[in-house]
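# Descriptive structure summary
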Amino acid sequence: MPKFAEIAIALPIDRIFHYSVPEKYDGYIAVGKRVFVPFQNRTIVGYVVGLSDAADVKETKAIISIIDAEPILSGELLKLTKWVKDNYFCSWGEAIGAAIPSGIKKGKAEIGRRISAKEQKDPCADKADSARSVPHILTEEQGQALKTIAECIDSKVHKTFLLHGITASGKTEVYLQAIDRVLARSAQAIMLVPEIALTPQTIERFVSRFGEQVAVVHSKLTPAKRFLEWKRIKDGRARIVVGARSAVFSPMDNLGLVIIDEEHETTYKQDDVPRYHAREVAEERSRLNNCPLILGTATPSLESYHKAKNGVYKLIKITKRIEERLLPKVKIVDMRMELAARRKVAIFSKVLLDAIDKALKNGKQVIIFLNRRGFSTFLNCKRCGLVLKCKRCDTVLVYHFEEKNLLCHYCGYHIPPPDICPKCRSGYIRYFGLGTERVESEISRNFSHARIARMDSDTTSKRGSHDRILGEFKSGNVKVLVGTQMIAKGLDFPQVTLVGVVSADVTLNIPDFRASERTFNLLTQVAGRAGRGEDGGEVIVQTYAPGHYAILAAAKHDYEKFYAEEIVARKELSFPPFVNLIKVTVRARADEIALKAATNLAEAIRAEDRSAMVGGPAPAPIARMRGYFRHNIMLKGTDKAAMCALLKKTLGSFRKPHGVLVAVDVDPVSM
Ligand code: ADP
Ligand code: ZN
Ligand code: ZN
């Protein structure tokens with residue numbers, strides 16, 4: 001019997017701890033089980049990741065108890081979480097913590113039994129088999145795509161497919177039929193979506209096709225529900241998992257396919273420890289399982305398309321929409337001309353107003369998109385120039401009309417809007433910039449007879465509000481839907497003939513090398529909401545930068561053209577996909593302390609390796625957040641492993657001053 005257990009714990013300490021195994025646990029201790037162990041005068045949960053006859057220290061403490069009768073982590077998930085640890089600067093225990101439901105992480109053992117007695121119904125059980133949707137007969141392009149993927153499913157080889165199909169080209173139908181194939185082989189499938197709440201129609205299609213075999217997992221589930229679903233997957237009762245990024249760790253033991261829908265979305269990156277990218281984890285997992293990975297999108301990330309062009313991924317294209325419906329015509333409106341002609345800043349151009357009017361008169365529906373919530377984006381004193389900012393973050397406060405407050409979108413700090421300037425006491429406070437709330441009120445002023453709904457994170461914070469708003473739009477009661485990027489993807493409403501983009505410049509102006517890519521993606525996605533029915537559609541894009549290639553290419557639905565321009569810029573400036581980035585953020589309550597520590601750390605990295613490309617430190621784009629001053633160091637290079645090793649070595653001997661925090665983000669998706 002092994003004398004020692006190798007234990008991973010969910011603390012930011014990158015090592016394994018040896019504990020002795022009391023004799024009474026002979027035969028019970030096993031890799032993959034949770035145990036309680038003493039750690040610095042506390043009792044904490046540990047994960048058994050190995051067993052051995054020797055310990056790495058002279059004196060070991062003993063395991064207190066074993067929590068699980070059966071291992072909760074398979075050998076495969078242990079390998080996968082170790083890979084996460086090796087690639088994303090976290091401990092093995094932290095990586096495991098991200099892979100299991102929170103209740104299990106906390107060491108609960110009996111939770112499952114208690115709940116299943118109380119609520120035995122499976123969440124999807126009310127979908128009777130008879131209500132299931134039947135597969136479509138595939139178009140030629142869909143058929144080809146499925147055939148190529150199915151070969152890999154059947155022969156159990158790993159390959160990554162980039163399924164590049166324009167909006168409404170039938171990608172989802174290909175996923176569904178590929179899953180059919182997986183089920184026929186008694187295997188299981190995982191499908192990741194960017195955000196469950198934003199993709200209700202996709203979820204509905206999965207549930208209506210596969211019924212109770214589907215488990216839907218996401219962060220809004222109560223811990224108890226989440227556990228139930230986890231258990232259903234582990235026991236093999238749910239063979240298909242649809243979920244947000246953490247679903248990539250679902251406890252299946254015979255995985256036959258992984259799908260990532262809208263692979264370009266940044267929500268696949270976790271912005272807290274462990275800062276993993278679900279696309280990369282999915283690739284590793286499908287490699288471990290010898291199964292294919294499908295990356296589906298209308299607008300591939302530059303990284304993925306570059307890999308496809310270089311033969312690392314296999315590119316599959318779907319070029320036609322279902323029933324050969326035409327892509328909507330996109331009209332670009334130059335708001336500089338509008339400004340010159342009308343001599344004032346208008347929210348809507350005449351072109352857009354006329355188009356809304358026409359669509360409504362024809363009984364059609366309209367989507368109006370602006371990727372910014374709130375009413376006015378900032379308050380400004382006309383006399384002293386003061387802009388009202390959050391006292392904890394270096395961000396402007398956004399005016400919310402309904403709530404009658406000024407709100408920080410980063411930390412939630414809010415104050416009532418002042419009548420007089422807090423600095424010079426003048427009464428010349430003015431409101432500038434606009435958000436969805438203002439757009440909504442302008443539309444109702446112009447079209448008082450039309451019912452309008454707004455969908456953004458202000459109107460959807462209550463449970464069920466998403467479904468309610470979309471339901472009203474679907475029923476046709478609501479004629480105009482105003483919203484942020486929440487309405488950009490996935491929605492399929494055939495009565496929508498017009499999509500208006502109030503300002504394409506919102507994302508174009510963010511200080512990030514991916515600004516053009518984001519803009520192209522969003523415009524393409526939102527344009528794809530128009531003309532899904534028989535009546536065709538039109539998209540009107542307002543912008544002050546009508547000549548920008550991201551906007552021009554989006555207007556022509558031309559991904560290739562966008563890629564061709566963007567990839568040149570990336571190469572010239574040495575950005576991904578030509579290099580890997582690692583972002584190191586140093587923060588402290590006092591700016592001098594943060595800056596000094598960041599400077600020292602950057603020096604130390606350079607001293608360790610003179611040839612490394614190290615940028616900064618430079619203030620983060622939002623230099624202060626939640627009371628912390630933040631400075632970024634950016635490592636660039638083509639050998640990620642070497643970069644990680646360099647940083648690990650430097651951080652290992654770096655003496656972090658008191659009150660300084662360091663966060664490492666490998667392959668960051670925002671600056
Ligand atoms: P995408 O995922 O590329 O946006 P979808 O799979 O949602 O496209 O397909 C768009 C619409 O066309 C959906 O309403 C879907 O049910 C329908 N559809 C998909 N494939 C077919 C097909 N082969 N024949 C008829 N309708 C189809
Ligand atoms: Zn003032
Ligand atoms: Zn704030």
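Residues numbered from 1 in each chain as written. Chains lettered and ligands numbered in written order. Predicted model: local features only at pLDDT ≥ 70, side-chain atom pairs only at ≥ 80, totals over all residues. Heavy atoms only, no water.

### So, the overall build of the protein
Within the protein one finds 20 helices and 27 strands. Counting across all 671 residues of the protein, residues that qualify as buried make up 54%. Taking the contacts inside the protein whose residues are at least 6 apart along the sequence as the reference set, 75% of them involve residues at least 24 apart. Split by element, the accessible area of the protein, about 30100 Å² in all, is 51% carbon and sulfur. Charge centroids of the protein, computed over 103 positive and 76 negative side chains, lie 4 Å from each other. (Helix = DSSP H or I, 4+ residues; strand = E, 2+ residues; numbered from the N terminus. Buried < 20%, exposed > 50% of the residue type's maximum accessible area, 1.4 Å probe, protein only. Contact = heavy atoms within 4.5 Å. Areas by Shrake-Rupley, 256 points an atom, 1.4 Å probe, with all protein chains shown as cover. Lys, Arg positive; Asp, Glu negative; His and termini not counted. Charge placed at Lys NZ, Arg CZ, Asp CG, Glu CD.)

### Here we look at the site of ligand 1
The full set close to ligand 1 counts 16 residues, and Ile-137, Gln-142, Gly-170, Thr-172 and Arg-205 are the nearest of them. For ligand 1, an oxygen atom lies 3.2 Å from a polar atom in the side chain of His-136. Burial of ligand 1 by the surrounding chains reaches 78%, relative to a free accessible area of 560 Å². In terms of residue count, helix H6 (residues 171–184) provides more of the shell around ligand 1 than any other element does, three residues in total. Within the shell around ligand 1, the residues separate by chemical class into five nonpolar, six polar and five charged. (Near = heavy atom within 4 Å. Polar contact = N/O pair within 3.5 Å; in protein donor to acceptor, adjacent residues only side chain to side chain. Nonpolar A, V, L, I, M, F, W, Y, C, P; charged D, E, K, R; others polar.)

### Some remarks on the coordination of the zinc ion (ligand 2)
Around the zinc ion (ligand 2), the protein supplies Cys-381 (SG), Cys-384 (SG), Cys-421 (SG) and Cys-424 (SG) as donor atoms, at distances of 2.3 to 2.4 Å. Classification of the site at the zinc ion (ligand 2) as tetrahedral follows from its four donor atoms and the range of 105 to 115 degrees in their angles at the metal. Here the donor residues of the zinc ion (ligand 2) share one chain and are spaced in sequence as C-x2-C-x36-C-x2-C. Of this pair, Cys-381 sits in strand S15 (residues 378–381) while Cys-421 is found in the loop between strand S18 (414–415) and strand S19 (429–432), placing the two residues 40 residues apart along the sequence. A relative accessible area of 0% means that Cys-421 is categorised as buried. (Donors = N, O, S within 2.8 Å, 3.2 Å for Na, K, Ca; no water. Tetrahedral: all angles 85-135°; square planar, octahedral: opposite > 155°, others 65-115°.)

### Examining the confidence of the model for the protein
Per-residue pLDDT for the protein averages 91, and the proportion of residues at 70 or more is 97%. Low pLDDT, under 50, characterises residues 110–119; the predicted model gives this stretch seven contacts beyond four residues in sequence or across chains. pLDDT under 50 marks residues 121–128. Its contacts with residues more than four places away, or in other chains, come to 14 contacts. (pLDDT = per-residue confidence, 0-100.)

### Topic: the coordination of the zinc ion (ligand 3)
Ideal values differ by geometry: the angle at a metal is 109.5 degrees with four tetrahedral donors, but 90 or 180 degrees with six octahedral donors. Note on the zinc ion (ligand 3): its protein donors are Cys-390 (SG), Cys-393 (SG), Cys-408 (SG) and Cys-411 (SG). The metal-donor distances range over 2.3 to 2.4 Å. In this structure, the zinc ion (ligand 3) is coordinated by four donor atoms arranged in tetrahedral fashion, with angles at the metal of 106 to 111 degrees. All donor residues of the zinc ion (ligand 3) come from one chain, and their arrangement in sequence is C-x2-C-x14-C-x2-C. Placement of Cys-393 in the loop between S15 and strand S16 (398–400) and of Cys-411 in the loop between strand S17 (405–407) and S18 is noted, with a sequence separation of 18 residues between them. Residue classification places Cys-411 among the buried residues on the basis of a relative accessible area of 17%.

### Some remarks on the sheet that holds S18
Taken together, the three strands give an open sheet; going across it, the order is S16-S17-S18, and neighbouring strands pair in antiparallel fashion. Looking at which strands have only one partner, the edges of the open sheet turn out to be S16 and S18. Pairing of S17 with S18 involves two bridges; the strand directions are antiparallel. Paired with Leu-406 across the two strands is Ile-415, which belongs to S18. (Pairing = 2+ DSSP bridges.)

### Looking at the packing of helix H16 (residues 515–527) against helix H18 (residues 559–572)
With their axes 11 Å apart at the nearest point, H16 and H18 run at an angle of 170 degrees to one another. On the basis of the axis angle, H16 is roughly antiparallel to H18. Every residue of H18 that contacts H16 at Ser-516, Glu-517 and Phe-520 is listed here: Tyr-559, Phe-562, Glu-566 and Arg-570. A per-class count over the contact of H16 with H18 returns three nonpolar, one polar and three charged. (Axes fitted to C-alpha atoms, helices over the stretch in contact; angles between N-to-C directions. Parallel < 35°, antiparallel > 145°, perpendicular 65-115°, else oblique.)

### A look at the packing of aromatic side chains
A complete count under the given rule lists 19 aromatic pairs for this structure. When the centroid spacing of 5.3 Å and the interplanar angle of 80 degrees are considered together, the rings of Phe-17 and Phe-39 count as edge-to-face. You can see Phe-17 sitting in strand S2 (residues 17–20) and its partner Phe-39 sitting in strand S3 (residues 34–39), a full 22 residues away along the chain. Residue class for Phe-17 comes out buried when judged on its relative accessible area of 12%. For the pair Phe-520 and Phe-562, a centre-to-centre distance of 4.5 Å together with 5 degrees between the ring planes defines the contact as stacked. Here the residue Phe-520 occupies a position in helix H16, and Phe-562 occupies one in helix H18, the gap between them amounting to 42 residues. Residues Phe-520 and Phe-562 agree in their burial class; the two are buried. (Phe/Tyr/Trp six-rings, centres within 6.5 Å; stacked < 30°, edge-to-face > 60°.)

### Comments concerning the side chain of Glu-338
Within the secondary structure layout, Glu-338 lies in helix H11 (residues 335–342). Setting aside chain neighbours within four positions, we find Glu-338 in contact with Val-333, Arg-343, Ser-349 and Lys-350.

### Side note on unusual backbone geometry
Across the junction of Pro-576 and Pro-577, the peptide omega takes the value 10 degrees, indicating a cis bond. On the secondary structure map, Pro-577 appears in the loop between H18 and strand S24 (580–588). That bond from Gly-616 to Pro-617 is cis: its omega, 10 degrees, falls within 30 degrees of zero. Tracing the sequence through the fold places Pro-617 in strand S25 (residues 613–625). You will see that Phe-89, though not glycine, has its phi angle at about 50 degrees, which is positive. Of note, Lys-404 is a non-glycine position whose phi angle comes to about 55 degrees, a positive value. Structurally, Lys-404 is set in the loop between S16 and S17.

### Digging into the domain arrangement of the protein
Split by domain assignment, the protein resolves into domain 1 (4–74 + 81–104), domain 2 (134–323), domain 3 (325–373 + 435–569) and domain 4 (580–666). Between domain 1 and domain 4, the C-alpha centre-to-centre distance is 30 Å. In this assembly, six residues from domain 1 lie in contact with seven residues from domain 4. Buried surface at the junction of domain 1 and domain 4, summed over both partners, amounts to about 550 Å²; 67% is from carbon and sulfur atoms. When the buried surface of domain 1 facing domain 4 is broken down by residue, Asn-87, Tyr-88 and Phe-89 rank first, second and third, together holding 82% of it. For the interface between domain 1 and domain 4, the tally reads zero salt bridges. (Domains from an automatic or database assignment. Buried area = accessible area lost by both parts, 1.4 Å probe. Salt bridge = Lys/Arg side-chain N within 4 Å of Asp/Glu carboxyl O.)

### Re the pairing of strand S7 (residues 188–192)
With five of five residues buried, S7 is to be regarded as a mostly interior element. Residues Gln-188, Ile-190 and Leu-192 line one face of S7 and the alternating positions Ala-189 and Met-191 line the opposite face, and both faces are buried. Both S7 and strand S10 (residues 255–261) contribute to a ladder of five bridges, which runs parallel. Each bridged residue has a counterpart across the sheet, and for Gln-188 the counterpart in S10 is Leu-255. When S7 meets strand S9 (residues 240–243), the two strands line up parallel, connected through four bridges. Paired with Leu-192 across the bridge in S9 is Gly-243.

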